[in-house]
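If you want the building blocks of each chain, they are given just below.
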Amino acid sequence: MTETRTHLREFLVAWLEHNMPGNVFVWYDILVILWIIIFTLVLHYIIKVSAKHFIKGKFETIDQPQAKNLTLDLFQRLAKRLSLTLQGAIVVVQAKLLLAKGSSLLHLAEVVTDQWIILFSLLSLFTFLDILQALSDRRTSQAHFPLRGLLQTVKLVASMLTCILAVSLLMDKSPLILLSGLGALSAVMLLVFKDPILGLVAGIQLSANNMLAVGDWLEMPKYGADGDVIDIALTTVKVRNWDKTITTIPTYALISDSFKNWRGMSEAGGRRIKRSIHLEMSSVCFLDKEQLGELKKAHLLSEYITHTVPEIEKENTDKKTDMTVMQNGRRLTNVGTFRKYLVSFLQNHPDIHQGMTLIVRQLESTSDGLPIEIYAFTNTTNWNAYEDIQSDIFDHVIAVLPAFSLRVHESPTGNDIRSLAKH
């Protein structure tokens, strides 16, 4: 190689000496620089066209246009940066082959190309990590491991090591010398990179304990977050709220503070209905035989009344209870029968999950009336369907109240006061 370089250099110098005026070595350096530039541009064009043609054929099977374009763009970017890294190596090889050993121009070329190779090697690594993230995002089932945070950590560490290597090459010193001097700066480094370190630790804990993943419904009132998790990064977690705003939460806050993850509801396949209807206290009464006869016609109550009324009458007869006094004996109330009706109604409802808790209970009465609470689960977690089911149930509940001689409690309004004033 040395003899070839010497013969080539002597040939070019001799040719320039006979054909070009002025300093021969200056012309020689200019000629070498022009040759390196032309060779590099031609090589760059060949690699770019070849890589584009090769890569494009590998992504024809991707069905999603957006994912296809993103992945194709990342692979083309990776090929371009690897090409520039390779060109830097070729430039320094040609410079060492054609330029005089120990010359200032060769030293400058080595310094520039070394930094060039380091820079585009780092950018190539960044692009490769972006490709891994894009391939992970394409999966239908999102992994709970915080890959984005890990990849950002790798980028951060790689950037620091690259800076150390670049400075060491400029100083012509071993990188170990710079690394040994970082011990004194460790406290400063910990302070500067406090958030990334806390975020990395928090991400590992979130993953290890399966606490959060992209796509989960997260509710964290302290930060005003209530929506879907769209990104888990090294230092932040992004939540798209239901009003389409974006809330950014520090990753470590998910470990230090409490939050609600609705993933369990989605995985269970049922969404809870927990709502009360307030009855007017004065409408609560015992049911007479005429009312029982009317209610017995209802399919959902016929079996209950058929079995319960004879039992009550037998018990009262056995005890020789004086039923002319209202306080004596057992009787069915309209509110108690109403609760039994609601239980039967929910048990026969096609959209109520029968494998989960189903309760209709009476809560403590207040100045707002007597609360009757429905506690049940729908057999779907879809928000729209859930709201429709819940609304339909309470539409029916309110409409059926007159059949039990019950009324919904309502506070007096301005019209009520004006009506009283007229009388």
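What you are looking at is a predicted structure, and each value in this text was computed from that prediction instead of being measured. (Residues numbered from 1 in each chain as written. Predicted model: local features only at pLDDT ≥ 70, side-chain atom pairs only at ≥ 80, totals over all residues. Heavy atoms only, no water.)

All right, on to the pattern of salt bridges then. Throughout the structure, instances matching the rule amount to 10 salt bridges. The shortest N-O distance in the salt bridge between R407 and E280 comes to 3.0 Å. Placement of the pair is R407 in the loop between α14 (383-400) and α15 (414-422) and E280 in the loop between β6 (271-279) and α11 (289-296), with a sequence separation of 127 residues. A salt bridge links K319 to E315, with the nearest nitrogen and oxygen atoms 3.2 Å apart. Here E315 falls in the partly exposed class, since its relative accessible area comes to 23%. (Salt bridge = Lys/Arg side-chain N within 4 Å of Asp/Glu carboxyl O. Helix = DSSP H or I, 4+ residues; strand = E, 2+ residues; numbered from the N terminus. Buried < 20%, exposed > 50% of the residue type's maximum accessible area, 1.4 Å probe, protein only.)

The next point concerns the nonpolar core. By size, the foremost hydrophobic cluster in this structure holds 32 residues, and its most contacted members are L279, F338, L342, I372, I374, I393 and F404. Residue assignment for this core shows that the elements contributing at least two residues are β6, α11, α12 (299-318), α13 (334-347), β8 (370-378) and α14. Apart from residues no more than four positions distant in its own chain, I374 is found in contact with I273, K274, R275, L342, L346, I359, V360, I393, F394 and V397. Counting 13 residues, the second-largest nonpolar core is a separate cluster that includes V229, I232, V239 and F259. (Core = buried A, V, L, I, M, F, W, Y, C linked by side-chain atoms within 4.5 Å. Contact = heavy atoms within 4.5 Å.)

This part is about the sheet that holds β8. As summarised here, the arrangement of the 3 strands in space is β6-β8-β7, forming an open sheet in which the pairing is antiparallel. At either margin of the open sheet sits one strand with a lone partner, and together these are β6 and β7 (359-362). With strand direction ignored, the average angle separating the axes of adjacent strands in the sheet is 15 degrees. In terms of strand pairing, β6 meets β8 through 9 bridges, oriented antiparallel. Within β8, the position partnered with K274 by the bridge is Y375. (Pairing = 2+ DSSP bridges. Axes fitted to C-alpha atoms, helices over the stretch in contact; angles between N-to-C directions.)

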